[in-house]
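# Notes for the structure review
In case you want the letters, here they are:
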Amino acid sequence: MDSSLSATQTKKPEGSVTSRETLTITDNRTGKSYEVPITHGTIRAADLRQIKVDPKEFGMMSYDPAFNNTASCISKITFIDGDAGILRYRGYPIEDLAEKSTYLETAYLLLHGELPTSAQLENWTYNVTHHTYIHESIKKFLDGFHYDAHPMGMTISTIAALSTFYHDAKDIFSADSRTKQTYRLIGKMPTIAAFSYRHTLGMPYVYPDNDLSYPGNFLNMLFRTSETKYRPNPTLERALDILFILHADHEQNCSANTIRSVGSSHVDPYSATAAAIAALYGPLHGGANEEVLRMLMEIGSVEKVPNFIKRVKAGEVKLMGFGHRVYKNYDPRARIIKRVAYEVFELMGKNPLLEIALECERIALEDDYFVKRKLYPNVDFYTGLIYQSMGFPMTMFPVLFAIPRTSGWIAQWEEMLLDPEQKIARPRQIYLGHDTRHYVPIGQRG
Ligand code: CMC
């Protein structure tokens with residue numbers, strides 16, 4: 001994209017439609033017109049700065065709280081068409097990947113831009129698998145948490161603590177260093193998550209088993225008790241792998257924006273990833289899956305759903321797991337997850353909360369309140385039911401989101417670092433506070 005401030009003062013257009021890729025803006029305060037270039041359907045906010053009444057002014061800015069209509073980067077990683085309900089990683093439809101790929105292969109795709117050859121996949125899997133162990137001092141660090149600590153809080157802190165172990169991580173402009181930290185982050189996330197879980201139960205930590213697949217080893221570290229060799233159930237192992245694929249990236253969501261923003265200060269990737277996990281923890285983002293389960297339990301029975309929906313419509317509560325900033329159609333991930341849910345229920349027995357969830361969905365998809373606002377089930381609506389049936393406590397749900405999202409975060413972080421147009425993230429503000437006031441000694445204040 002051409003970044004020059006090419007907008008110049010021009011004459012007003014004569015009302016004719018031109019084929020130029022420009023936008024003409026007339027400032028009615030001065031009567032002046034400005035022509036600014038349009039690239040990829042976008043104008044550069046900096047091109048507005050030439051619009052001033054007085055030359056001494058700072059110039060026009062755009063105001064966009066929560067980035068509702070602002071592109072903060074150029075990306076080649078993930079594509080979403082929210083109206084059509086389309087999600088693609090590096091051009092590949094999510095449905096294809098969920099059916100045919102594995103999480104580790106998908107992570108490679110996100111990070112490298114292409115699907116791996118057999119040799120590349122073997123090498124990648126070997127390296128991730130051989131970075132799953134954590135330093136014994138990290139284990140001691142985890143021991144310091146209280147027995148009822150939330151595993152997400154433990155994961156945030158422990159990932160941040162990794163930066164104190166790997167000093168080479170500061171060398172963010174070395175491709176070799178970035179590759180090493182990528183292996184470590186993707187490899188160690190399940191270990192840290194599983195150790196956090198075992199800590200809350202007061203159970204001994206289970207060390208990684210390098211013979212198992214990525215999700216299989218995670219299940220081993222979570223659930224192994226006295227078996228000499230843990231053998232994950234293939235249905236649960238595959239279900240978890242599919243869930244990992246679906247959660248791997250989602251373009252400029254709150255946590256991706258966080259890792260880009262925090263990473264733009266050139267901090268090491270462990271600190272930046274910890275910040276992204278913290279963003280994910282919130283109930284409006286990755287914490288929503290935990291909130292959905294709490295909501296379904298609070299509703300309690302199918303008969304009570306209409307009354308709950310009434311409260312949602314009155315603005316008293318939100319229907320958690322519904323709505324999305326980008327999707328104004330059925331979230332394609334939710335569709336796949338619903339199918340996976342039935343496969344898991346067939347093995348583990350139906351989750352008793354399923355009927356309540358289905359009733360919420362049925363009413364919401366017909367109700368004017370939800371239809372008008374285009375509120376559909378999102379990725380978090382059914383995941384909690386699956387996780388619960390697989391034996392996970394609710395507090396682990398957001399952690400199960402954070403593990404696979406790590407590959408997406410690193411891909412977004414690296415793309416930001418290598419983009420010559422990116423700088424330290426620093427938005428502007430509209431200051432509406434006091435003008436200069438003079439300090440009043442405490443005895444003279446009213
Ligand atoms: N329940 C009831 N009303 C809702 C909901 C909901 N879940 N979501 C949005 N609305 C209403 C909202 O009140 C607003 O109504 P009005 O126009 O009358 O003020 C309208 O729909 C537009 O919503 P918004 O809050 O402007 O939309 P947003 O793009 O700022 O927020 C969201 C998106 C996901 C934060 C929001 O839909 C929400 O809070 N959903 C529940 C939490 C949730 O499920 N989060 C997971 C998101 S998907 C996975 C992820 O990103 O991690």
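Above this text sits the structure in question.
In this text, all values refer to a predicted model and were calculated from it rather than measured experimentally. (Residues numbered from 1 in each chain as written. Predicted model: local features only at pLDDT ≥ 70, side-chain atom pairs only at ≥ 80, totals over all residues. Heavy atoms only, no water.)

### Side note on a nonpolar patch on the surface
Together, F58, M61, Y63, I430 and L432 make up an exposed nonpolar region whose accessible area comes to about 580 Å². Here M61 lies in the loop between strand 3 (32–37) and strand 4 (78–81). With relative accessibility at 31%, the residue M61 sits in the partly exposed group. (Patch = residues over 30% accessible without salt bridge, like charges linked within 9 Å, V, L, I, M, F, W, Y side chains within 5 Å. Areas by Shrake-Rupley, 256 points an atom, 1.4 Å probe, with all protein chains shown as cover. Salt bridge = Lys/Arg side-chain N within 4 Å of Asp/Glu carboxyl O. Helix = DSSP H or I, 4+ residues; strand = E, 2+ residues; numbered from the N terminus. Buried < 20%, exposed > 50% of the residue type's maximum accessible area, 1.4 Å probe, protein only.)

### Section: the packing of aromatic side chains
Within this structure, the stated rule accounts for 22 aromatic pairs. Ring centres of F195 and Y205 lie 4.6 Å apart, and the angle between their planes is 10 degrees; on these two criteria the pair is classed as stacked. With F195 in helix 6 (residues 175–201) and Y205 in the loop between helix 6 and helix 7 (214–223), this pair connects stretches of sequence that are 10 residues apart. Neither residue differs from the other here; F195 and Y205 are each classed as buried. Through a chain of ring-to-ring contacts, the aromatic side chains of Y103, Y197, Y214, F218, F223, F244, Y387, F392 and F397 assemble into a single cluster. The cationic tip of R184 hangs over the ring face of Y166; the distance from NZ or CZ to the ring centre is 3.8 Å. (Phe/Tyr/Trp six-rings, centres within 6.5 Å; stacked < 30°, edge-to-face > 60°. Lys NZ or Arg CZ within 6 Å of the ring centre and 35° of its normal.)

### Section: the packing of helix 9 (residues 254–263) against helix 10 (residues 269–281)
Contact geometry of helix 9 with helix 10 gives a least axis separation of 8 Å together with a crossing angle of 150 degrees. Put simply, helix 9 runs roughly antiparallel to helix 10. Seen along the crossing, helix 9 lies across helix 10 with a hand that is right-handed. Between helix 9 and helix 10, the residues in contact are C254, S255, T258, I259, V262 and G263 and A272, T273, A275, A276, A279 and L280, respectively. Of the residues belonging to the contact of helix 9 with helix 10, the class tally is eight nonpolar, four polar and no charged. (Axes fitted to C-alpha atoms, helices over the stretch in contact; angles between N-to-C directions. Parallel < 35°, antiparallel > 145°, perpendicular 65-115°, else oblique. Left-handed = near helix turned anticlockwise from the far one by under 90°. Contact = heavy atoms within 4.5 Å. Nonpolar A, V, L, I, M, F, W, Y, C, P; charged D, E, K, R; others polar.)

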